[in-house]
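Residue-level structure breakdown
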Amino acid sequence: MSGEGSSSGVKRKRRNTRAQAAAQEQPGAPVFREIIYRDAGVPHGQSDRLVESPLLRFTLGSFEFMKFEAIKKLKLLEFRRIDWGLVNRLGQVERVQELLGEKFRWALECEVPQYLELTMEFHSTFIYRHPGGFDESDVVSFALGKQVFNMSLPQFAEATGLYLAQEVVSDEFRGLLRQVVRDEAEACVLKEDLARFWRNIAISPFSNNLVASDIRDPVYRFMHKILTSTLIGKHEGDKVNQHSLFCLMCMVERRPANLASILAWSLARPKKGGGTARLYGGPYITMLAANLGVFTDFPADRMTLGPVPSLMELRSLQLVRIVTVTDPLAWSEVLPAPPSPDPTAEGAAHTTIPERYQVPLQRHQLPAREYPFRPQRPEPLTLDGLYDRVEQVRHEMHLGFQAIYDLFHIQPSPVWQPQQGGPAGGQEEPVGGQQGGAGGVDFDAASVRVSELVQFAERVLDWRACVVSTDILTVSHMIQLSRSTCILIYLFIYFCF
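Residues numbered from 1 in each chain as written. Predicted model: local features only at pLDDT ≥ 70, side-chain atom pairs only at ≥ 80, totals over all residues. Heavy atoms only, no water.

**What to know about the overall build of the chain**
As a reminder, the rule being used: Here a strand is any run of E in DSSP of at least two residues, a helix any run of H or I of at least four, and the numbering for each starts at the N terminus. Between buried and exposed lies partly exposed: a residue is buried under 20% and exposed over 50% of the maximum accessible area for its type, with that area taken using a 1.4 Å probe on protein chains only. Contact criterion: two residues are considered in contact whenever any of their non-hydrogen atoms come within 4.5 Å of each other. In this description, accessible areas are obtained by the Shrake-Rupley approach with a 1.4 Å probe, and a residue is regarded as covered only by the protein chains that are shown.
Within the chain, the secondary structure is distributed over 19 helices and 11 strands. Split into buried and exposed, the 497 residues of the chain put 41% on the buried side. Residue pairs at least 24 apart in sequence account for 66% of intrachain contacts in the chain once pairs closer than 6 positions are excluded. Accessible area of the chain: about 29300 Å², with a carbon and sulfur share of 53%.

Here it is as structure tokens:
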């Protein structure tokens, strides 16, 4: 105890990680297993604290202690049975009874109570050593009432009360289907069989993320709901695992299953869900303890009673759309079957495989990818570039006016003609030979300019009407100028005249 209290927080965190890893592995301990307890604990029934129960005082650091530390805060799963009165109101009672068969019906209608200390002790010590095994003396190993039991599959089936002594020694019992395996094994089915069965009853392809809402028949969904509340314990969610799908396949296809192997297989699977997970199989553990004489030394009336088995509620069936909410009550409609894929279509082999598991196409099988050319960046705007652009527009406008003069046979005024300097590069001579006063304005030249503009306006009014009723592109093509220059000329004439 002192060593545990003086250990640092980092070490305790590492210990918890090891506990989680140890809770998932199945150690190769010898057949004659021995569990050591650190002390006797508080006498049975005299303490309300779970950790003080004499059934759970495992040695610190042991495999059993690690598993108990991982599950000690979990609650027990409520065992919910079939409400035959509700099934009678819905109809198809005979069909449900035929799907269950004698063994499944007896296992799913268990009314035995469950106890917290007993269930914790069993889950902390249970080991399924040989999945799919049969004659090995340690197929399952567990402790109940501080007694260690190593059993073969027939012994475990008899101890749980699922089968009688004369049944477990028969050849028929040996031939019962036990579980799903990857490779061929005696009395086992392959995963491909589950995939084939799922495609026949569901609307979605087979994958690792199956949900019960994809099952087309509401009666099959009802059977799966009962399985997840009894033999295959699941606290919440709509997911379908291999255990429940295997049981449903055995029911629908009338293939006899070994319920003892299914129970051991289900009890050994990891407890997922964190704090919301539940410990299941409590009623079956109680039957196992009663048949092994555990209650002689540890009476059940001194244990903590868990949730009492109850009937499946109507509301639970309506929430998952197994039963309608209308009056009168009825089964939900059967979902339509999905269209069968075309085997000749390209990629038909990928139709039943989830996208994340599909083999990617080779590079030469991918369609050619076209990369768009990057548009050329415009030249940055500078003062020199702006000056050149203004000069260009000015030159084009001059050409435009000259084209208008030629088009309408107008004699341009000397004012519109670019005047050249003298031979010595002198200044332009003013029109009329006179120069204004202090402002340097030649009024004679201005009067000539105005008279010329009036004459030009009279000649160009008819052309402006033509431009208004004619497309700009036609005019620009006629005078062979750019569209922008033609628009500028048009706007100039329109606002000036």
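There is more to say after this.
**Overview of the sheet that holds strand β4 (residues 140-144)**
What counts here: Whether two strands pair depends on DSSP finding at least two bridges between them. Axis angles are defined between N-to-C directions and span 0 to 180 degrees, where every axis is a line fitted to C-alpha atoms and, for a helix, only to the segment in contact.
Reading across the sheet, the 3 strands line up as β3-β4-β5 and stay open at both edges, with antiparallel pairing between neighbours. Only two strands of the sheet have a single partner each, and these edge strands are β3 (127-128) and β5 (147-151). One ladder, built from 5 bridges, connects β4 with β5; its direction is antiparallel. Bridge pairing in β5 links Phe142 to Phe149. On top of the sheet, helix α6 (residues 116-125) reaches β3 and β4; it is set at about 145° to β4, its chief contact.

**Digging into helix α5 (residues 93-108)**
Put simply, the rule reads: In this scheme, a helix's expected span is set at 1.5 Å multiplied by one less than its residue total. To get the bend at a residue, fit one axis to the 7 residues ending there and another to the 7 starting there, then take the angle between the axes.
Compared with the 22 Å implied by 1.5 Å per residue over 16 residues, the 15 Å span of α5 between its first and last C-alpha is markedly short. The principal kink in α5, of about 95°, is found at Gly101. Those residues of α5 not exposed but buried are Val96, Leu99, Leu100, Phe104, Ala107 and Leu108. At its buried positions, α5 is contacted by β2 (80-81), α4 (84-90), α11 (218-227), α12 (242-252), α13 (259-267) and α14 (282-291).

**So, the side chain of Arg81**
Here Arg81 lies in strand β2. For Arg81, a relative accessible area of 14% puts it in the buried group.

**Let's talk about the confidence of the model for the chain**
Predicted coordinates in areas of low pLDDT are best not read in detail. Condition: Known as pLDDT, the predictor's confidence for each residue is given on a scale from 0 to 100.
Of the residues in the chain, 71% reach a pLDDT of 70 or more, and the chain-wide mean stands at 77. Here residues 1-30 scores under 50 on pLDDT; set against residues more than four positions off or in separate chains, the count is 23 contacts. Per-residue pLDDT stays below 50 along residues 419-441; that stretch engages in 14 contacts with residues further than four places along the chain or on separate chains.

**Structural notes on the environment of Met251**
By the secondary structure assignment, Met251 is in helix α12. Sequence separation of Met251 and Val96 is 155 residues, and the distance between their C-alpha atoms is 9.8 Å. Sequence-distant contacts of Met251, that is, excluding residues within four places in its chain, are made with Leu99, Leu100, Phe104, Leu108, Met223 and Leu227.

**Some thoughts on the nonpolar core**
Heads up, the condition is: Side-chain atoms within 4.5 Å are what join buried Ala, Val, Leu, Ile, Met, Phe, Trp, Tyr and Cys residues into a set we call a nonpolar core.
Counting residues in each nonpolar core, the largest one holds 106 residues, and the members touching the most others are Phe104, Phe142, Leu144, Phe222, Leu231 and Phe246. Those residues in contact with Leu231 that sit more than four places away from it in its chain are Phe104, Leu108, Cys247, Leu259, Ile262, Leu263, Ser266 and Tyr284.

**A look at a nonpolar patch on the surface**
Using the following cut-off: Patch criteria: residues need more than 30% relative accessible area and no salt bridge. Like-charged residues are merged within 9 Å; nonpolar side chains of Val, Leu, Ile, Met, Phe, Trp and Tyr are merged within 5 Å. Here, a salt bridge means any side-chain nitrogen of Lys or Arg that lies within 4 Å of a carboxyl oxygen of Asp or Glu.
Among the surface-exposed residues, Leu381, Leu386 and Val390 lie close enough to one another that they form a single nonpolar patch of about 320 Å² accessible area. Mapping Val390 onto the fold places it in helix α16 (residues 383-407). Its relative accessible area of 47% is what places Val390 among the partly exposed residues.

**Points about unusual backbone geometry**
A cis geometry characterises the amide bond from Asp327 onward to Pro328, with omega recorded as 10°. Mapped onto the elements of the fold, Pro328 is located in the loop between α15 (314-319) and α16. With phi around 55°, Ala187 is a residue other than glycine that occupies positive phi space. Positionally, Ala187 belongs in the loop between β6 (180-181) and β7 (189-190). The class for Ala187 is buried, based on a relative accessible area of 17%.

**A closer look at the packing of α5 against α12**
So the rule is basically this: Every angle not falling under 35 degrees, over 145, or within 65 to 115 is termed oblique; those three ranges are roughly parallel, roughly antiparallel and roughly perpendicular. Charged means Asp, Glu, Lys or Arg here, nonpolar means Ala, Val, Leu, Ile, Met, Phe, Trp, Tyr, Cys or Pro, and polar covers whatever is left, Gly included.
Put simply, α5 and α12 touch, their axes get as near as 8 Å, and they point 140° apart. On the basis of the axis angle, α5 is oblique to α12. Listed contacts from α12 to Leu99, Leu100, Phe104 and Leu108 of α5 are Cys247, Met251 and Val252. Here the contact of α5 with α12 is composed, by residue class, of 7 nonpolar, no polar and no charged.

**A look at the environment of Leu74**
Mapped onto the elements, Leu74 comes out in the loop between α3 (63-71) and β1 (75-76). With a relative accessible area of 9%, Leu74 lands in the buried category. It is 6.4 Å that separates the C-alpha atoms of Leu74 and Gly275, two residues lying 201 residues apart in sequence. Aside from chain neighbours lying at most four places away, what touches Leu74 is Met120, Lys271, Gly274, Gly275, Ala277 and Leu279.

**Considering the side chain of Ser229**
Assignment of secondary structure puts Ser229 in the loop between α11 and β9 (239-240). Among residues more than four places away in sequence, those in contact with Ser229 are Glu78, Phe79, Arg80 and Met312.

**Structural notes on the environment of Thr59**
Tracing the sequence through the fold places Thr59 in the loop between α2 (9-24) and α3. Thr59 gets classed as partly exposed once you look at its relative accessible area, which sits at 26%. Spatially, the C-alpha atoms of Thr59 and Asp39 are 8.2 Å apart, while their sequence positions differ by 20 residues. With residues near it in sequence (within four places) discarded, Thr59 still touches Ile36, Tyr37, Arg38 and Phe65.

**Some points on α12**
Since the α-helix packs 3.6 residues into each turn, any two residues three or four apart lie on the same face. Most of α12 sits inside the fold, with 10 of its 11 residues counted as buried. What α12 keeps buried is the set His243, Ser244, Leu245, Phe246, Cys247, Leu248, Met249, Cys250, Met251 and Val252. With its phi angle positive at about 55°, Arg254 sits one or two positions after the end of α12.

**Looking at the packing of α3 against α6**
Which entries qualify depends on this criterion: Should the near helix be turned anticlockwise from the far one by less than a right angle, the crossing is left-handed, and should it be turned clockwise, the crossing is right-handed.
Two numbers describe how α3 lies on α6: the axes approach to 8 Å, and their chain directions differ by 125°. As judged from the angle between their axes, α3 and α6 are oblique. You can see that α3 and α6 cross each other, and the crossing is right-handed. On α6, the residues touching Glu64, Lys67, Phe68 and Ile71 of α3 are Met120, His123, Ser124 and Thr125.

**What about the packing of aromatic side chains?**
The condition is simple: The pairing test for Phe, Tyr and Trp rings, Trp by its six-membered ring, is centres within 6.5 Å, and the orientation test on the planes gives stacked under 30 degrees, edge-to-face over 60, and tilted for anything in between. Working rule: Lys NZ or Arg CZ, within 6 Å of ring centre, within 35 degrees of ring normal, means a charge sits over the ring.
Counted under the stated rule, the structure contains 12 aromatic pairs. Arranged with centres 6.2 Å apart and planes meeting at 70°, the rings of Tyr115 and Phe295 form a pair that is edge-to-face. Residue Tyr115 is found in the loop between α5 and α6, and its partner Phe295 is found in the loop between α14 and β11 (310-311); the two are separated by 180 residues along the sequence. For Phe295, a relative accessible area of 23% puts it in the partly exposed group. In textbook terms, an aromatic cluster arises when at least three aromatic residues are bridged by ring pairs, as seen for Phe122, Phe126, Phe142, Phe149 and Phe156. Across from the ring centre of Trp84, 4.6 Å away, lies the NZ or CZ of Arg105, which sits over that ring.

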